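Chain by chain, the residues run as shown.
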Amino acid sequence: VQLVESGGGSVQAGGSLRLSCAVSGLTFSSNDMGWFRQAPGQERDFVARISRYGVMTYYADSVKGRFTISRDNAKETIYLQMNSLKPEDTAVYYCAATLRRGDGYLYSDNWDSWGQGTQVTVSS
């Protein structure tokens, strides 16, 4: 199983970035997909989740209205469009996959596969 993130970088506050995560080695359309982030010295926090066919999306309150998660099942890729970025969005962003359902998606322990992460740095 491989999840490979890309699209991270440095941007000024108010700017935008689009992260991608290319997936291989699992049945992509059977997995809910998500994004987490981890700032230095902090726990890995939930950012967004998208259901298998993209019908349902869920967001952390801190990113709601600014970030949009999407997926392309034909390309086996998910995306995170990040707008109106803030310095507090600075973190390593991780892509994740899970076959589990229910409310446990907030917790990283309930996700089965992870990417290596991509750094996002937002300067003020």
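Note: the structure precedes this text.
Residues numbered from 1 in each chain as written. Predicted model: local features only at pLDDT ≥ 70, side-chain atom pairs only at ≥ 80, totals over all residues. Heavy atoms only, no water.

Draft legend 1. Highlighting the overall build of the chain. Each helix and strand counted, the chain has zero helices and 11 strands in total. The helix and strand sequence of the chain, counted from the amino end, reads β-β-β-β-β-β-β-β-β-β-β. Expected size for 124 residues packed as a compact globule is a radius of gyration near 14 Å; at 13 Å, the chain falls within 12% of this value. Within the chain, the proportion of its 124 residues that are buried is 44%. The contacts of the chain with a sequence gap of at least 6 include a subset with a gap of at least 24, amounting to 58%. About 6300 Å² of surface is accessible on the chain, with carbon and sulfur atoms providing 45% of the total. Averaging the locations of the 12 positively and 12 negatively charged side chains of the chain gives two centres separated by 5 Å. (Helix = DSSP H or I, 4+ residues; strand = E, 2+ residues; numbered from the N terminus. Rg over C-alpha atoms; globule rule 2.2 N^0.38 Å. Buried < 20%, exposed > 50% of the residue type's maximum accessible area, 1.4 Å probe, protein only. Contact = heavy atoms within 4.5 Å. Areas by Shrake-Rupley, 256 points an atom, 1.4 Å probe, with all protein chains shown as cover. Lys, Arg positive; Asp, Glu negative; His and termini not counted. Charge placed at Lys NZ, Arg CZ, Asp CG, Glu CD.)

Draft legend 2. Quick peek at the sheet that holds strand β3 (residues 17-24). As summarised here, the arrangement of the four strands in space is β1-β3-β8-β7, forming an open sheet in which the pairing is antiparallel. The open sheet has two free edges, formed respectively by β1 (2-6) and β7 (67-72), since each of these has just one partner strand. Neighbour to neighbour, the strand axes of the sheet diverge by 15° on average, direction disregarded. Alignment of β1 against β3, held across five bridges, turns out to be antiparallel. Of the residues in β3, the one forming a bridge with Gln2 is Ser24. (Pairing = 2+ DSSP bridges. Axes fitted to C-alpha atoms, helices over the stretch in contact; angles between N-to-C directions.)

Draft legend 3. Geometry of the environment of Met33. Within the fold, Met33 resides in strand β4 (residues 32-38). Taking the relative accessible area as the measure of exposure, Met33 reaches 0% and is therefore buried. Taking the C-alpha atoms as reference points, Met33 and Ser20, separated by 13 residues in sequence, lie 12 Å from one another.

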